[in-house]
Protein chains: 2
Amino acid sequence: MNAPTPDAVETDPAYRAAVVDLLGVLAYGELMAFERTAVDATLAPTIDDKAALAEMATAEFGHFIALRDRLESIGVVPEEAMEPFRRPLEEFHEHTAPSDWLEGLVKAYVGDGIAMDFYREISAYVDDETRTLVEGVCDDLGHSEFIVDRVRAAIADDPRIAGRLALWGRRLVGEALSQAQRVAAERDALSTLLVGGVDRPGADLAEMGRMLARLTENHTRRMGALGLAA
Amino acid sequence: MNAPTPDAVETDPAYRAAVVDLLGVLAYGELMAFERTAVDATLAPTIDDKAALAEMATAEFGHFIALRDRLESIGVVPEEAMEPFRRPLEEFHEHTAPSDWLEGLVKAYVGDGIAMDFYREISAYVDDETRTLVEGVCDDLGHSEFIVDRVRAAIADDPRIAGRLALWGRRLVGEALSQAQRVAAERDALSTLLVGGVDRPGADLAEMGRMLARLTENHTRRMGALGLAA
């Protein structure tokens, strides 16, 4: 499979639309991640925990800025690129509002984890320049260790919460899939990145199956790291 | 009046306690400002407004980090320095939770404005190194123009809201004063920064009066900039 060259963003309208969608959904996703992480910080039990969440939130805002700058540099109004993803992302967050500090941590780790894995998979099909940006945004910011530590300590303290948090993890994935399906159905350009377009190769059915297997495996590994059954 | 020298933080225990209190209250104040601004971002009517608030919040977190680093560098555990101010600051924010986007903007402009003016006044009585840090934290981050613009536009659109927002501004100042009095009563070290200690000059009654006049004047000016009666 040959990935598009960076100038395809200028010369191939269908590819351009796909990249604009990808950057738009990622940008609004990071802005929402900033908000949700910052709101979760208000639930933090200690000042240190509060500061750790605030630091995660500012890193997410940094990603938003990088994506917004990139949209501007290719001549797109960032708000217009983000607008189509506003409702699905807001609905995802409305349907998965954490009821406490631990649910917030699990959501940040498991929910963001699967989303970032998915965007990394998609980035295999874009030009080098876009891929470098997407991979940077999807990089683990080193906060995972903090979350794993806090969740495991809470479960050690009261093993009964593991069941509730495991259910919560499943609900997060279910909601994420249902919003992702909605986006895929509505945004043809974005879907063709993955499945290919007229002149552009994409993933065949076998590769799609392998991708889903990788996403599921990583999700199970993350749940396990938290001490939860997937 | 001679300001203390930077080494007084090491050599004068009473002065050290005062500076630790000042940095502690400022640090927790900035962490709360981060949280509140980020929560207000969830109320923003447009993506641009959301991003502008998120940017303000990350700047506030940057201030928090600078203050926390300074506390660490003088050998203080930051959480311990912040702890005494946790309740008063949280109560202030609980009592002044904005009910909408505009109240949030007025609070950020008028509430932070008077707090920053106050800390700047106090910084006249500290050593150069501490003063530089405090002044940097109190610097207007250039977001005021954004807030003034949004609030004036909203009032132009519906002049009736000016009365409600003016009342809101008065309530903010009232709450801030009542929490400040509580802090002053409980934290002797911090109070002596302003009024002076055994070996340290402070403000006399006349200077205190002038300070209050300056704070009131600036507050009235800010309310006026928003198009509100103080």
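Residues numbered from 1 in each chain as written. Chains lettered and ligands numbered in written order. Predicted model: local features only at pLDDT ≥ 70, side-chain atom pairs only at ≥ 80, totals over all residues. Heavy atoms only, no water.

### Here we look at the overall build of chain A
Put simply, the rule is: The helix and strand labels rest on DSSP assignments: H or I over at least four residues marks a helix, E over at least two residues marks a strand, and numbering proceeds from the N terminus. For the radius of gyration, the atoms used are the C-alpha atoms, and the globule rule reads 2.2 Å times the number of residues raised to 0.38.
Of regular secondary structure, chain A possesses 11 helices and 0 strands. Starting at the N terminus, the α and β elements of chain A follow one another as α-α-α-α-α-α-α-α-α-α-α. Taking 17 Å as the expected radius of gyration for a compact globule of 230 residues, we find that chain A reaches 18 Å, a close match to that expectation. A principal-axis box enclosing the C-alpha atoms of chain A has dimensions of 55 × 35 × 25 Å.

### Digging into the interface of chain A and chain B
Counted only if it meets this: Here, two residues are considered to be in contact whenever any of their heavy atoms come within 4.5 Å of each other. Simply put, the buried area is the total loss of 1.4 Å probe accessible area from both parts when two parts are fitted together. When a carboxyl oxygen of Asp or Glu lies within 4 Å of a side-chain nitrogen of Lys or Arg, that pair is called a salt bridge. Throughout this description, a polar contact denotes any pair of N or O atoms lying within 3.5 Å of each other; where both atoms belong to protein, one of them has to be capable of donating a hydrogen while the other can accept it, and for residues adjacent in sequence the pair is counted only when both atoms sit in side chains. The classification used treats Ala, Val, Leu, Ile, Met, Phe, Trp, Tyr, Cys and Pro as nonpolar, Asp, Glu, Lys and Arg as charged, and all other residues, Gly among them, as polar.
Every contact between the two is made by 28 residues of chain A and, on the other side, 28 residues of chain B. Surface buried jointly by chain A and chain B totals about 2200 Å² across both partners, of which 71% is contributed by carbon and sulfur atoms. For the chain A face of the interface with chain B, the top three residues by lost area are Glu35, Ile47 and Lys50 of chain A, together amounting to 27%. Across the salt bridge formed by Lys50 of chain A and Glu35 of chain B, the nearest N and O atoms sit 2.7 Å from each other. Run the count over chain A and chain B and you get 2 residue pairs in polar contact (both at pLDDT 80 or more). Contributing elements (two or more residues each) for the side of chain A that touches chain B: helix 2 (13-41), helix 3 (47-73), helix 4 (78-82) and helix 5 (86-95) of chain A. No other element matches the 11 residues that helix 3 of chain A contributes to the side of chain A that touches chain B. Looking at the side of chain A that touches chain B, its residues break down into 15 nonpolar, 3 polar and 10 charged.

### Points about the confidence of the model for chain A
Residues and elements named next belong to chain A. Note the cut-off: What pLDDT expresses is the predictor's confidence in each residue, scored from 0 to 100.
Overall, the prediction assigns chain A a mean pLDDT of 90, with 98% of residues at 70 or greater. By mean pLDDT, helix 10 (residues 188-195) is the weakest element of chain A at 83, and helix 4 is the strongest at 97. Prediction confidence for the complex, expressed as pTM and ipTM, is 0.86 and 0.79 respectively.

### Topic: the nonpolar core
How we decide: Buried Ala, Val, Leu, Ile, Met, Phe, Trp, Tyr and Cys residues form a nonpolar core when they are joined through side-chain atoms within 4.5 Å. The classification of residues rests on relative accessible area computed with a 1.4 Å probe and restricted to protein chains. Under 20% of the type maximum is buried, over 50% is exposed, and intermediate values are partly exposed.
Leu22 of chain A together with Leu22 of chain B are the most contacted members of the largest nonpolar core, which has 94 residues in total. Not counting residues up to four positions away in its chain, the partners in contact with Leu22 of chain B are Tyr119, Ile122, Val126, Val134, Leu190 and Leu193 of chain B.

### Details of the side chain of Asp40 of chain B
All names here are of chain B. To be explicit about the condition: We count Lys and Arg on the positive side and Asp and Glu on the negative side, and we leave His and both chain ends out.
As for its position among the elements, Asp40 is in helix 2 (residues 13-41). Lys107 is the oppositely charged side chain nearest to the buried, salt-bridge-free Asp40, at an N-O distance of 6.7 Å. Discounting chain neighbours no more than four positions away, the residues touching Asp40 are Leu53, Pro98, Trp101 and Gly104.

### Description of the environment of Leu31 of chain A
Position of Leu31 of chain A relative to the elements: it lies in helix 2. Note: C-alpha distance between Leu31 of chain A and Ala3 of chain A (28 residues apart in sequence) is 28 Å. In contact with Leu31 of chain A, not counting residues within four places along its chain, are Phe61 and Phe64 of chain A together with Ile47, Lys50, Ala51 and Ala54 of chain B.

### Regarding the packing of helix 2 of chain A against helix 2 of chain B
Note the following rule: Axis definition: a line fitted to C-alpha atoms, limited for helices to the stretch in contact. Angles are taken between N-to-C directions and run from 0 to 180 degrees. In this scheme, roughly parallel covers angles under 35 degrees and roughly antiparallel covers those over 145, while 65 to 115 is roughly perpendicular and the rest are oblique. In a left-handed crossing the near helix is turned counterclockwise from the far helix by less than a right angle, and in a right-handed crossing that turn is clockwise.
At a minimum axis distance of 9 Å, the contact between helix 2 of chain A and helix 2 of chain B shows a crossing angle of 135°. With respect to helix 2 of chain B, the axis of helix 2 of chain A lies oblique. The two elements helix 2 of chain A and helix 2 of chain B meet at a crossing, and its hand is left-handed. Contacts between helix 2 of chain A and helix 2 of chain B involve Phe34, Glu35, Ala38, Val39 and Ala41 of chain A from the first element and Phe34, Glu35, Ala38, Val39 and Ala41 of chain B from the second. Its residues placed into classes, the contact of helix 2 of chain A with helix 2 of chain B shows 8 nonpolar, no polar and 2 charged.

### Focus: the relation of the copies chain A and chain B
Copy one and copy two of the chain differ by a rotation about an axis and a translation along that axis. Quick reminder of the rule: Least squares is used to superpose the copies, and the fit set is the C-alpha atoms of residues whose pLDDT is at least 70 in both copies.
For the pair chain A and chain B, the superposition axis carries a translation of 0.0 Å, the fit reaches an RMSD of 0.0 Å, and the rotation angle comes to 180°. These values place the two chain copies in the arrangement generated by a two-fold rotation axis. A share of 100% of the interface residues of chain A reappears at the interface of chain B, consistent with the copies meeting face to face through the same patch.

### Thoughts on the pattern of salt bridges
Evaluated as defined, the whole model comprises 46 salt bridges over all chains. As a salt-bridge pair, Arg164 of chain B and Asp100 of chain B come within 3.1 Å of each other at their nearest N and O atoms. Here Arg164 of chain B is found in helix 9 (residues 161-186), whereas its partner Asp100 of chain B is found in the loop between helix 5 (86-95) and helix 6 (101-122), with 64 residues between them in sequence. Arg164 of chain B sits in the partly exposed class, given a relative accessible area of 35%. One salt bridge connects Arg164 of chain B with Glu103 of chain B, and the closest N-O pair in it is separated by 2.9 Å. Here Glu103 of chain B lies in helix 6 and Arg164 of chain B lies in helix 9, a separation of 61 residues in the sequence. Within the structure, one salt-bridge network assembled from shared partners comprises Glu83, Arg86, Arg87, Glu90, Glu91, Glu94, Arg182 and Glu186 of chain A.

### Remarks on helix 8 (residues 144-157) of chain B
All names here are of chain B. Rule in force here: Given a helix with a known number of residues, its expected span is that number minus one, times 1.5 Å.
Its 14 residues give helix 8 an end-to-end C-alpha distance of 20 Å, which sits within 8% of 20 Å, the value for a rise of 1.5 Å per residue. Within helix 8, burial applies to Ser144, Phe146, Ile147, Val148, Val151, Ala154 and Ile155. Looking at the packing, one finds that the buried side of helix 8 touches helix 3 (47-73), helix 6, helix 9 and helix 11 (205-226).

### Quick notes on the packing of aromatic side chains
Given two aromatic rings, their pairing is described by the distance between the two centres and the angle made by the two planes. We apply this condition: Geometry of aromatic contacts follows a simple scheme: Phe, Tyr and Trp rings, the Trp one being its six-membered ring, pair when their centres are within 6.5 Å, and the pair is stacked under 30 degrees between planes, edge-to-face over 60, tilted otherwise.
This model, assessed by the stated rule, comprises 7 aromatic pairs over all chains. With centroids separated by 5.7 Å and ring planes inclined at 55°, the aromatic side chains of Phe34 of chain A and Phe61 of chain A adopt a geometry described as tilted. With Phe34 of chain A in helix 2 and Phe61 of chain A in helix 3, the pair connects residues that are 27 residues apart, well separated along the chain. Taken individually, Phe34 of chain A and Phe61 of chain A each receive the classification buried, so the pair is uniform in this respect. The structure contains a cluster of three or more aromatic residues connected by ring pairs, namely Phe34, Phe61 and Phe64 of chain A together with Phe34, Phe61 and Phe64 of chain B.

### Let's talk about the side chain of Glu103 of chain A
Glu103 of chain A sits in the buried class, given a relative accessible area of 8%. Look past the residues within four positions of Glu103 of chain A in its chain and what remains in contact with it is Pro98, Arg164, Leu165 and Trp168 of chain A.

### Digging into the environment of Phe61 of chain B
On the basis of relative accessible area, Phe61 of chain B is assigned to the buried category, the value being 5%. Between the C-alpha atom of Phe61 of chain B and that of His219 of chain B, which follows or precedes it by 158 residues, the distance is 24 Å. With near-sequence residues (within four places) excluded, Phe61 of chain B lies in contact with Ala51, Ala54, Glu55 and Thr58 of chain A together with Leu31 and Phe34 of chain B.

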